[in-house]
There are 2 protein chains.
Amino acid sequence: MRDFSTNHDGLSLNTATVRKQWPLDRIIEECARREIRAIAPWRDQVAALGIERVAALLRETGIALSGYCRGGFFPAADAAGLRAALADNRRAIDEAKLLGSPCLVLVVGSLPGALSGPPAYYDIARARAEVRDGIAATLEYAKSVGMPLAIEPLHPMQAAERACINTLEQALDLCDELDPQRSGALGVAVDLYHVWWDPKLAAQLVRAGADRLLAYHVCDWLSPTRDLLNDRGMMGDGVIELKKCRGWIEAAGYRGFSEVEIFSEQWWAQPGELVLDTCIARHKSVV
Amino acid sequence: MRDFSTNHDGLSLNTATVRKQWPLDRIIEECARREIRAIAPWRDQVAALGIERVAALLRETGIALSGYCRGGFFPAADAAGLRAALADNRRAIDEAKLLGSPCLVLVVGSLPGALSGPPAYYDIARARAEVRDGIAATLEYAKSVGMPLAIEPLHPMQAAERACINTLEQALDLCDELDPQRSGALGVAVDLYHVWWDPKLAAQLVRAGADRLLAYHVCDWLSPTRDLLNDRGMMGDGVIELKKCRGWIEAAGYRGFSEVEIFSEQWWAQPGELVLDTCIARHKSVV
């Protein structure tokens with residue numbers, strides 16, 4: 001297992017962590033100042049600044065991407081919606097490519113419309129089939145441009161609105177189905193917040209193997225958790241055994257960044273400088 | 001699949017559903033008035049009234065139990081705590097027996113102390129081992145008095161505090177380990193609120209079979225859900241495909257009650273009469 005205690009070369013910052021404090025150019029500047037070597041930006045943050053400007057800032061600072069957030073949301077109420085989702089995922093792939101991301105993270109979606117009201121349908125098996133078909137169609141284009149797709153299983157408490165892929169096993173089953181030759185074009189993003197509870201986590205990380213482990217996200221699970229979306233904890237403040245889990249994923253062959261992704265009203269209310277400094281300190285001490 | 005539309009003979013009421021409106025004697029009286037044939041009471045409600053009085057009321061009204069809530073919470077910080085949990089589970093078994101329950105429902109527990117503060121330890125694998133050992137020890141006594149134990153997998157969002165058994169598959173793996181002969185003494189309580197999201201639900205219900213399906217709980221999953229514990233929905237108000245799921249469990253051989261269990265600040269704020277009448281109406285129309 002790599003030693004994280006002496007530097008933070010293995011740290012990446014998911015830029016949602018300080019999205020309420022700063023726009024993306026300031027985030028990149030503050031990361032560069034702290035020698036944070038990688039970020040994972042969100043499409044809305046990139047769009048707000050202009051993607052060419054973001055690409056230029058990354059070149060100037062030498063900051064890499066650990067992932068690009070996000071594609072997905074494949075299920076839809078009708079054929080036009082399904083087509084629109086595919087078109088949007090192509091655009092996300094193009095953006096990820098332009099920014100030099102190692103993968104496009106997929107939050108696959110679930111019951112269509114559930115994010116903003118009653119869903120168009122309630123059949124989660126149908127949503128899962130539409131996700132499978134959507135990834136299959138997107139994978140062709142992703143392969144043609146060389147942009148790996150990373151399926152992110154989301155916590156079961158987000159199964160209605162955000163993702164109907166809810167365990168690492170389920171994500172890997174889909175990888176086996178759509179990419180049986182293990183081409184490297186399809187894999188998973190393992191976010192401990194979503195999967196820490198899973199009794200099959202260690203075994204499924206081994207099953208995934210280095211070629212399917214495309215991203216690794218860390219934060220912590222607070223006990224109690226007071227909100228289903230925006231109450232993630234800083235590493236060390238919750239119950240996840242972070243070092244044990246990193247041991248598992250490294251034993252499975254993963255050597256990439258540990259990407260800190262904290263959706264938290266509590267941390268969004270703090271000065272961005274404090275958040276980044278705390279991320280670095282905790283990365284060394286508990287990740 | 002049984003026809004629930006013409007009567008509510010298949011309905012049981014988990015008495016937590018109206019626990020803030022009424023004490024248990026009033027709950028039993030209101031159920032009897034509505035010809036609700038079964039309830040699943042909680043130990044604190046029974047203790048408040050006196051178990052002999054509860055037993056007498058059940059005899060007088062002819063109301064049966066669909067389960068008794070609850071045993072479990074096996075993990076502990078030390079050996080004395082583990083022993084205390086075993087002793088408490090024996091008492092729960094005795095109470096369940098006295099009340100004529102068909103099973104004792106087990107909410108197995110997880111990180112010790114997490115319900116009230118920082119846990120005594122963070123090793124969820126240790127908690128799972130202590131759960132296994134605790135059920136194994138309890139099972140001997142349960143068999144001796146003829147009280148089946150029903151392991152209830154709880155939603156992964158409750159994995160830190162309440163139960164480290166979080167999928168039906170995990171619960172059934174434990175049944176296979178501790179009761180390979182399928183004696184009938186160990187099975188599962190399937191609460192749709194906890195397992196509706198699981199892509200393996202249908203397959204695991206088949207695997208369980210009639211002899212391991214000891215209880216079936218219904219409510220609904222609200223979208224959005226605003227609280228991790230007390231925001232369950234009335235059947236029909238959320239996204240769970242209730243009839244499809246009942247079709248699965250009946251195809252697997254289950255013929256018992258559908259037990260309505262709604263932890264909800266919203267419904268606790270309503271008149272108890274309205275809650276019960278709504279449960280009956282929804283049982284007929286959407287369960």
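Criteria and thresholds
- Residues numbered from 1 in each chain as written.
- Chains lettered and ligands numbered in written order.
- Predicted model: local features only at pLDDT ≥ 70, side-chain atom pairs only at ≥ 80, totals over all residues.
- Heavy atoms only, no water.
- Pairing = 2+ DSSP bridges.
- Helix = DSSP H or I, 4+ residues; strand = E, 2+ residues; numbered from the N terminus.
- Contact = heavy atoms within 4.5 Å.
- Axes fitted to C-alpha atoms, helices over the stretch in contact; angles between N-to-C directions.
- Buried area = accessible area lost by both parts, 1.4 Å probe.
- Salt bridge = Lys/Arg side-chain N within 4 Å of Asp/Glu carboxyl O.
- Polar contact = N/O pair within 3.5 Å; in protein donor to acceptor, adjacent residues only side chain to side chain.
- Nonpolar A, V, L, I, M, F, W, Y, C, P; charged D, E, K, R; others polar.
- Buried < 20%, exposed > 50% of the residue type's maximum accessible area, 1.4 Å probe, protein only.
- Phe/Tyr/Trp six-rings, centres within 6.5 Å; stacked < 30°, edge-to-face > 60°.
- Lys NZ or Arg CZ within 6 Å of the ring centre and 35° of its normal.
- Expected span 1.5 Å × (residues − 1).
- Arc of directions from axis to C-beta.
- Core = buried A, V, L, I, M, F, W, Y, C linked by side-chain atoms within 4.5 Å.
- Left-handed = near helix turned anticlockwise from the far one by under 90°.
- Least-squares fit on C-alpha atoms with pLDDT ≥ 70 in both.
- pLDDT = per-residue confidence, 0-100.
- Parallel < 35°, antiparallel > 145°, perpendicular 65-115°, else oblique.
- Right-handed = clockwise from strand over helix to strand, strands pointing away.

## Remarks on the sheet that holds strand S2 (residues 38-40) of chain B
Each strand in a sheet pairs with another by means of backbone hydrogen bonds, the pair being arranged parallel or else antiparallel.
Residue and element names in this part refer to chain B.
Working step 1: Taken together, the 9 strands give an open sheet; going across it, the order is S3-S2-S1-S9-S8-S7-S6-S5-S4, and neighbouring strands pair in parallel fashion. Whereas interior strands pair on both sides, the edge strands pair on one side only; in this sheet they are strand S3 (64-65) and strand S4 (68-72).
Working step 2: As paired strands, strand S1 (residues 11-14) and strand S9 (residues 258-260) are joined by 3 bridges and run parallel to one another. Bridge pairing in S9 places serine 12 opposite glutamate 259.
Working step 3: Here helix H5 (residues 124-145) sits on the sheet in contact with strand S5 (104-107), strand S6 (149-151) and strand S7 (186-191), set at roughly 150° to S6.
Working step 4: Seen against the sheet, helix H9 (residues 242-251) touches S7, strand S8 (213-218) and S9 and runs at an angle of roughly 175° to S8.

## Let's talk about the interface of chain B and chain A
Working step 1: The interface is formed by 33 residues belonging to chain B together with 33 residues belonging to chain A.
Working step 2: Both sides of the chain B and chain A interface together cover about 2500 Å² of buried area, and 61% of this is carbon and sulfur.
Working step 3: Of all residues in chain B, Tyr122, Trp197 and Leu228 of chain B bury the most surface against chain A, accounting for 21% of the area lost on that side.
Working step 4: Salt-bridge contacts for glutamate 169 of chain A lead to lysine 200 of chain B; the nearest nitrogen and oxygen are separated by 3.0 Å.
Working step 5: The interface formed by chain B and chain A holds 8 residue pairs in polar contact (both at pLDDT 80 or more) in total.
Working step 6: At the level of secondary structure, the elements contributing two or more residues to the side of chain B that touches chain A comprise H5 and helix H6 (168-178) of chain B.
Working step 7: In terms of residue class, the side of chain B that touches chain A is built from 16 nonpolar, 7 polar and 10 charged.

## Some remarks on the pattern of salt bridges
Residues and elements named next belong to chain B.
Working step 1: Taken as a whole and assessed by the stated rule, the structure comprises 54 salt bridges over all chains.
Working step 2: One salt bridge in this structure joins arginine 207 and aspartate 176, with 2.7 Å as the shortest N-O distance. Highlighted residues: arginine 207 in helix H8 (residues 201-208) and aspartate 176 in helix H6, separated in sequence by 31 residues.
Working step 3: Look at arginine 207 and you get partly exposed, because its relative accessible area is 26%.

## Considering the packing of aromatic side chains
Residue and element names in this part refer to chain A.
Working step 1: Going through the model one piece at a time under the given rule, you end up with 11 aromatic pairs over all chains.
Working step 2: Within the aromatic cluster, the residues linked to one another by ring pairs are Trp42, Phe263 and Trp268.
Working step 3: The ring of tyrosine 141 has arginine 90 sitting right over it, with the charged end atom 4.3 Å from the ring centre.

## A word on helix H4 (residues 79-98) of chain B
Residue and element names in this part refer to chain B.
Working step 1: Taking 1.5 Å of rise per residue, the 20 residues of H4 would be expected to cover 28 Å, and the 29 Å separating its terminal C-alpha atoms lies within 8% of that figure.
Working step 2: Those residues of H4 lying buried are Ala85, Asn89, Ala92, Ile93, Glu95 and Ala96. Down the axis of H4, the sector holding all buried residues measures 160°, keeping them to one side.
Working step 3: On the buried face of H4, the contacting elements are helix H2 (43-49), helix H3 (51-61), S4, S5, H5 and S6.
Working step 4: Just downstream of H4, glycine 100 is the residue with a positive phi angle, here 75°.

## Digging into the nonpolar core
Working step 1: In terms of nonpolar packing, the biggest core is built from 178 residues, with Ile135, Ile151 and Trp221 of chain A together with Ile135, Ile151 and Trp221 of chain B touching the most fellow members.
Working step 2: If sequence neighbours within four positions are ignored, tryptophan 221 of chain A has contacts with His155, Met157, Tyr193, Trp196, Gly238, Val239 and Ile240 of chain A together with Met157, Ala160 and Leu228 of chain B.

## Considerations on helix H6 (residues 168-178) of chain A
Working step 1: Of all 11 residues in H6 of chain A, 8 are buried, a share of seventy percent or more.
Working step 2: Taken together, the buried positions of H6 of chain A are Leu168, Glu169, Gln170, Ala171, Leu172, Leu174, Cys175 and Leu178 of chain A.

## Details of the environment of tryptophan 248 of chain B
Residues and elements named next belong to chain B.
Working step 1: By secondary structure assignment, the location of tryptophan 248 is in helix H9.
Working step 2: Look at tryptophan 248 and you get partly exposed, because its relative accessible area is 33%.
Working step 3: On a C-alpha basis, the gap between tryptophan 248 and alanine 203 in space is 8.9 Å, while along the polypeptide they are 45 residues apart.
Working step 4: Ignoring sequence-local partners within four residues, the contact set of tryptophan 248 consists of Leu201, Ala202 and Leu205.

## Section: the packing of helix H4 (residues 79-98) of chain A against helix H5 (residues 124-145) of chain A
Residues and elements named next belong to chain A.
Working step 1: Remark: H4 packs on H5, axes separated minimally by 10 Å, with the N-to-C direction vectors making an angle of 35°. Helix-helix and strand crossings are classified by hand; for H4 and H5 the assignment is right-handed. Contacts between H4 and H5 pair Leu82, Leu86, Asn89, Arg90, Ile93, Asp94 and Lys97 from the former with Glu130, Gly134, Ala137, Thr138, Tyr141, Ala142 and Val145 from the latter.
Working step 2: Its residues placed into classes, the contact of H4 with H5 shows 7 nonpolar, 3 polar and 4 charged.

## Quick look at the relation of the copies chain B and chain A
Mapping between the two copies of the chain is achieved by a rotation about an axis and a shift along the axis.
Working step 1: When chain B is fitted to chain A, the best match, at an RMSD of 0.0 Å, comes from turning it 180° and sliding it 0.0 Å along the axis. Look at the turn and shift together and you get a two-fold axis relating the two.

## Quick word on the confidence of the model for chain A
It should be kept in mind that the predicted coordinates are not to be read in detail where pLDDT is low.
Working step 1: Looking at chain A as a whole, its pLDDT mean stands at 98, while 100% of the residues score no less than 70.
Working step 2: In the predicted assembly, ipTM is 0.97 and pTM is 0.98.

## Remarks on the packing of H5 of chain B against H6 of chain B
Describing two packed helices takes the angle between their axes plus the distance from one axis to the other.
Residues and elements named next belong to chain B.
Working step 1: Interaxial distance between H5 and H6 falls to 11 Å at its minimum, and their mutual angle equals 50°. Classed by the angle they form, the pair H5 and H6 counts as oblique. Between H5 and H6 lies a crossing of right-handed hand. Judged by residue contacts, Arg128, Val131, Arg132, Ile135, Ala136 and Leu139 of H5 engage Gln170, Leu174, Glu177 and Leu178 from H6.

## Overview of the pairing of strand S8 (residues 213-218) of chain A
Residues and elements named next belong to chain A.
Working step 1: The element S8 is largely enclosed, with a buried count of 6 among its 6 residues.
Working step 2: Where strand S7 (residues 186-191) lies against S8, 4 bridges are found, and the strand directions are parallel. Opposite valine 190, over in S8, you have tyrosine 216 as the bridge partner.
Working step 3: Here 2 bridges tie S8 to strand S9 (residues 258-260), and the two strands are oriented parallel to one another. Pairing of valine 218 across the sheet is with valine 260, part of S9.
Working step 4: With helix H9 (residues 242-251) bridging S8 and the parallel S9, this β-α-β connection has right-handed handedness.

## Regarding the side chain of threonine 167 of chain A
Working step 1: In this structure, threonine 167 of chain A sits in the loop between strand S6 (149-151) and H6.
Working step 2: Within the local environment of threonine 167 of chain A, its side chain forms a polar contact with the backbone nitrogen of glutamine 170 of chain A, the two atoms lying 3.0 Å apart.
Working step 3: When residues no more than four places from it in sequence are discounted, the contact partners of threonine 167 of chain A are Pro153, Trp197 and Asp198 of chain A together with Trp197 of chain B.

## With respect to the pairing of S5 of chain B
Residue and element names in this part refer to chain B.
Working step 1: On S5, burial covers both faces: Leu104 and Leu106 on one face and Val105 and Val107 on the other are all buried.
Working step 2: Of the strand pairs in this sheet, S4 and S5 are connected by 4 bridges, and their pairing is parallel. Within S5, the position partnered with cysteine 69 by the bridge is valine 105.
Working step 3: After leaving S4, the chain enters H4 and then returns to the sheet as S5, a path that is right-handed.
Working step 4: Relative to S6, S5 runs parallel, the two being bridged by 3 bridges. Note that in S6 the partner of leucine 106 across the bridge is isoleucine 151.
Working step 5: In this fold, S5 hands off to H5, which returns the chain to S6; that crossover is right-handed.

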